[in-house]
Amino acid sequence: MPEPVDHAAQGSPSNGQPVETAQVQRLTDAVTRLRRALRSSIRTDYPWEALPMAQVELLQTLAAAGPLRVGELAAHQRLAPNTVSGLVGRLLESGFVDRQNDPGDRRTARIGLTDAGHRQLGDWQRAHERRLATALAALAPEDSAAVLNALTGLENLAAALGEDSAPAH
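Residues numbered from 1 in each chain as written. Predicted model: local features only at pLDDT ≥ 70, side-chain atom pairs only at ≥ 80, totals over all residues. Heavy atoms only, no water.

(A) Representation of a nonpolar patch on the surface within the structure. Taken together, the side chains of L27, V31, L139, V147, L148, L151, L154, L157 and L161 make up a nonpolar region of the molecular surface, amounting to roughly 740 Å² of accessible area. Elements that contribute at least two residues to the nonpolar patch include exactly helix 2 (21-45), helix 7 (141-149) and helix 8 (151-160). By residue number, the principal contributor to the nonpolar patch is helix 8, which donates 3 residues. Looking at the secondary structure, you find V147 in helix 7. (Patch = residues over 30% accessible without salt bridge, like charges linked within 9 Å, V, L, I, M, F, W, Y side chains within 5 Å. Areas by Shrake-Rupley, 256 points an atom, 1.4 Å probe, with all protein chains shown as cover. Salt bridge = Lys/Arg side-chain N within 4 Å of Asp/Glu carboxyl O. Helix = DSSP H or I, 4+ residues; strand = E, 2+ residues; numbered from the N terminus.)

Pasting the structure below:
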């Protein structure tokens, strides 16, 4: 029988149902393998896609939030400001972001997406959507349905883990 999670150490689920350690381990493994498979497959199927995930996530944040200061970007990404500065530098060189005047503080700049950044992010999104659609179509119908039916729960899990987006309903 799988070992229950120690809720005193890890927190009790809001629905009061025990979560088994084996289930949590399986979810962790599945998420890790899915991220790795997505990264690998996108570069195999679309070799032009060489944008590192950290840069993609930064572009996604800028697309959702609009121009931000480096410190604000770092807070959104939960990264050190010097790490974000390095990522911004590479995105500036690629032409995907630019520095914009901060109307509230002329000593600082905000980082915003350029048209090229919007196009690159859109291309990346569409490539991933095509790849996932192909993979879902290759699954048995009941497996594809199970994945799609789990979306709300996965969105809520991301929100519970602290992602900025609100839980889905």
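Let us keep going from here.
(B) Structural view of helix 3 (residues 53-65). Here helix 3 spans 18 Å end to end across 13 residues, near enough to the 18 Å set by a 1.5 Å rise per residue. Along helix 3, the residues classified as buried are Q55, V56, L58, L59, T61 and L62. As for helix 3, its buried residues are in contact with helix 4 (70-77), helix 5 (81-94), strand 1 (97-101), strand 2 (109-113) and helix 6 (115-138). (Expected span 1.5 Å × (residues − 1). Buried < 20%, exposed > 50% of the residue type's maximum accessible area, 1.4 Å probe, protein only. Contact = heavy atoms within 4.5 Å.)

(C) Region of interest: the nonpolar core. Membership of the largest hydrophobic core comes to 19 residues, with the highest contact counts inside it found for L58, L59, L62 and L73. Not counting residues up to four positions away in its chain, the partners in contact with L62 are P67, L68, L73, V97, I111 and L113. (Core = buried A, V, L, I, M, F, W, Y, C linked by side-chain atoms within 4.5 Å.)

(D) Quick peek at unusual backbone geometry. Non-glycine residue R78 carries a positive phi angle of around 55°. Tracing the chain through its elements places R78 in the loop between helix 4 and helix 5. Under the relative-accessibility criterion, R78 is labelled exposed at 58%.

(E) Fine view of the packing of helix 3 against helix 4. Where helix 3 meets helix 4, the axes come as close as 10 Å, and the angle between the chain directions of the two elements is 110°. With respect to their mutual orientation, helix 3 and helix 4 come out roughly perpendicular. Considering only the axes of helix 3 and helix 4, their crossing is right-handed. Residues E57, L58, T61 and L62 of helix 3 lie in contact with helix 4, whose contacting residues are L73, H76 and Q77. Residues of the contact of helix 3 with helix 4, tallied by class, amount to 3 nonpolar, 3 polar and 1 charged. (Axes fitted to C-alpha atoms, helices over the stretch in contact; angles between N-to-C directions. Parallel < 35°, antiparallel > 145°, perpendicular 65-115°, else oblique. Left-handed = near helix turned anticlockwise from the far one by under 90°. Nonpolar A, V, L, I, M, F, W, Y, C, P; charged D, E, K, R; others polar.)

(F) Representation of the pattern of salt bridges within the structure. Counted under the stated rule, the structure contains 7 salt bridges. Between E72 and R69 there is a salt bridge, and its shortest N-O distance comes to 3.8 Å. Residue classification places E72 among the partly exposed residues on the basis of a relative accessible area of 27%. In this structure, R107 engages D105 in a salt bridge whose closest nitrogen and oxygen atoms are separated by 3.1 Å. Using a relative accessible area of 75% as the deciding quantity, one classes R107 as exposed. A network of salt bridges, in which partner residues are shared, links R69, E72, D102 and R110.

Read these as geometric descriptors, not functional statements.
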